[in-house]
Amino acid sequence: MASSSDLNTPPPQKPYVVEDCRGVLQLLSDPWLADAADSTRVFVSGESAGGNCAHHLAVQFGTAGLDPVRIAGYILLMPAFISEKPTRSELEAPDTAFLTRDMCDRYCRLALPAGAGKDHPLTNPFGPESRSLEAVDVGRVLVVAAEGDLLKDKNAEYVERMKAMGKDVELVVFPGEEHAFFGVKPMSAATGELVELIKRFIAGAGAAE
């Protein structure tokens, strides 16, 4: 079992998990999937840090994907976007929240290269070293945020800045919910609403093609 000191120590430098996500896209082109799935209409989704991964796949591939895989849209569920300058939702997050500022700080130390701050491209999509999405066709993007999540303001900022670039991005905020609510309360009404929201988004993206 990891000690408390282990949780504060950055891991050795390794290839970013984004490269593993790239490998998953490559697997989708495997012939054994041809009869079970349409590799020309793939949706990339992730929750929390997985939402960051989805963003970085959008940066790398847009809708082009990896031939023959084509990406129809991206679904970012409470992506863990953060920066050195805290937002109001971060500052007001209570210590009793499901995701606290202290936890977020620890996760950043574990996930980022040694010595990197929160403006690193992995956590701040609009940081000084982050690649621009200005010229990338990302298709349709759905961003889901939770009203009681300290990441809410950064999620909203992401959508605003993407829209300013002319991207087709939709933000849906779930009132009264916290970070990762659908994992904590999988049978709740809010989780059911989220499932229906994603179904409508995917159906709408298909109709728009």
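Residues numbered from 1 in each chain as written. Predicted model: local features only at pLDDT ≥ 70, side-chain atom pairs only at ≥ 80, totals over all residues. Heavy atoms only, no water.

Going by the annotation in an unreviewed UniProt entry, the name recorded for the protein chain is Alpha/beta hydrolase fold-3 domain-containing protein, with Oryza brachyantha given as the source organism.

### Quick notes on the overall build of the protein chain
Along the backbone of the protein chain there are seven helices and four strands. Going residue by residue from the N terminus, the α and β elements of the protein chain occur as α-β-α-β-α-α-β-α-β-α-α. When burial is assessed residue by residue, the protein chain has 44% of its 209 residues classed as buried. Intrachain contacts of the protein chain at a sequence separation of at least 6 include 77% that bridge at least 24 residues. Of the roughly 11200 Å² of accessible surface on the protein chain, 56% is carried by carbon and sulfur atoms. (Helix = DSSP H or I, 4+ residues; strand = E, 2+ residues; numbered from the N terminus. Buried < 20%, exposed > 50% of the residue type's maximum accessible area, 1.4 Å probe, protein only. Contact = heavy atoms within 4.5 Å. Areas by Shrake-Rupley, 256 points an atom, 1.4 Å probe, with all protein chains shown as cover.)

### Quick word on helix H2 (residues 49–61)
With 13 residues, H2 should cover 18 Å at 1.5 Å per step; its first-to-last C-alpha distance of 18 Å lies within 8% of that length. Within H2, 10 of the 13 residues are buried, which leaves it mostly tucked inside the rest of the structure. Turning to H2, its buried residues are Gly51, Asn52, Cys53, Ala54, His55, His56, Leu57, Ala58, Val59 and Phe61. Trailing H2 by a residue or two, Gly62 shows a phi angle of about 55°, which is positive. (Expected span 1.5 Å × (residues − 1).)

### A look at the pattern of salt bridges
In total, this model carries eight salt bridges according to the counting rule given. One salt bridge connects Arg161 with Glu157, and the closest N-O pair in it is separated by 3.5 Å. In this pair, Arg161 and Glu157 are both assigned in helix H5 (residues 152–164), four residues apart and thus about one turn of the helix distant. For Glu157, a relative accessible area of 23% corresponds to the partly exposed category. Three or more residues are tied together by salt bridges with common partners; here these are Lys154, Glu157 and Arg161. (Salt bridge = Lys/Arg side-chain N within 4 Å of Asp/Glu carboxyl O.)

### Some remarks on the confidence of the model for the protein chain
On average, the protein chain scores 87 in pLDDT, and the residues at 70 or more come to 89%. Predicted confidence is poor over residues 1–15, with pLDDT under 50, and the contacts of this stretch with residues over four places away or in other chains come to 11 contacts. (pLDDT = per-residue confidence, 0-100.)

### Examining the layout of surface pockets
A volume near 200 Å³ is recorded for the second largest pocket. When residues of the lining of the second largest pocket are traced back to their parent elements, those giving at least two are helix H1 (17–27) and H2. Broken down by element, the lining of the second largest pocket gets its largest block of residues, four residues, from H2. Considering only residue class, the lining of the second largest pocket consists of six nonpolar, six polar and three charged. (1 Å grid on protein atoms, 1.4 Å probe; cavity = no way out; pocket = protein on both sides within 12 Å on 5 of 7 lines; lining within 4 Å. Points joined across faces, edges and corners; volume = space filled by probe spheres on them. Nonpolar A, V, L, I, M, F, W, Y, C, P; charged D, E, K, R; others polar.)

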